[in-house]
Amino acid sequence: YTACGDQFVKSIRYFNIGFTGCGVKLLEGNINVISQLNIASGSSLDVSAGNYSIAYFNAWSSLTQNWINNGTFVCRAGTVSYGSNDGGGALNITNPAGEVFYNLVVNSSNGSGIVLQSPVKVLNNLNLITSWIKLNSNPLTMDVNATITGGSAQSHVITNGTGEMRKNFDAI
């Protein structure tokens, strides 16, 4: 999606998907990404008023997945989910300005997870069904009303490096 101007993003499965050019790229429905989603500087991806979801699913052995945002992601009340089986690689999340998700779901049956390459904030719900989120040196911040569901010895947050799990609270 490279046009300068608003574009509608088809509700299909993409191996790689990129957003460049000016204007807003609006989801027409849920999309699936196998490998890489890239929002270039000056471009904007909006889940739209339908609050559609972006699902990463990798069934191929050792294929690393990437969420790269150098532009703007408008999360509204949408969901970004990660799932993998049969040896798929981790999902790296990169946004130099820090990424914001409304709902973030981790559900990988093969033991791979999400690796933060930048700070991430969750506005509503972090759902740890299976697998992990590795923080590296980045904070994972839960907003004031955000919740965490799931979590176990197999699905958890790994605070390696200097990364921290944080929670925002209302001012007193």
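Check the entry above for the structure.
These figures come from a predicted structure and were not determined experimentally. (Residues numbered from 1 in each chain as written. Predicted model: local features only at pLDDT ≥ 70, side-chain atom pairs only at ≥ 80, totals over all residues. Heavy atoms only, no water.)

**Student:** When you look at the nonpolar core in this model, what are you seeing that I'm missing?
**Tutor:** Soluble, globular proteins show a tendency: their nonpolar side chains are buried together. The biggest cluster of nonpolar side chains holds 34 residues, and the ones touching the most others in it are Leu37, Leu45, Ile54, Trp67, Phe73, Ile114 and Ile133. Tallying contributions element by element places strand 13 (residues 120-134) first for this core, with five residues. (Core = buried A, V, L, I, M, F, W, Y, C linked by side-chain atoms within 4.5 Å. Buried < 20%, exposed > 50% of the residue type's maximum accessible area, 1.4 Å probe, protein only. Helix = DSSP H or I, 4+ residues; strand = E, 2+ residues; numbered from the N terminus.)

**Student:** Help me out: how do you make sense of the sheet that holds strand 1 (residues 7-9) in this one?
**Tutor:** By way of backbone hydrogen bonds, the strands of a sheet pair with one another, either parallel or antiparallel. What the four strands build is an open sheet, ordered 1-3-5-8; its pairing is parallel. The outermost strands of the open sheet, each flanked by one partner alone, are strand 1 and strand 8 (72-74). Pairs of neighbouring strands in the sheet enclose a mean axial angle of 25 degrees, with direction left out of account. Bridging between strand 3 (residues 24-27) and strand 5 (residues 44-46) involves three bridges; their strand directions are parallel. Bridging across to strand 5, Val24 finds its partner in Ser44. (Pairing = 2+ DSSP bridges. Axes fitted to C-alpha atoms, helices over the stretch in contact; angles between N-to-C directions.)

**Student:** When you look at the pattern of salt bridges in this model, what are you seeing that I'm missing?
**Tutor:** Where side chains of opposite charge bring their charged atoms close, a pairing between them can arise. In this structure the tally under the stated criterion is four salt bridges. One salt bridge connects Asp46 with Arg76, and the closest N-O pair in it is separated by 2.8 Å. In this pair, Asp46 is assigned in strand 5 and Arg76 in the loop between strand 8 and strand 9 (79-84), connecting sequence segments 30 residues apart. Asp46 sits in the buried class, given a relative accessible area of 6%. For Arg76, a relative accessible area of 38% gives the class partly exposed. In this structure, the salt-bridge partner of Glu164 is Arg166, at a minimum N-O distance of 2.9 Å. Note on Glu164: relative accessible area 42%, which makes it partly exposed. (Salt bridge = Lys/Arg side-chain N within 4 Å of Asp/Glu carboxyl O.)

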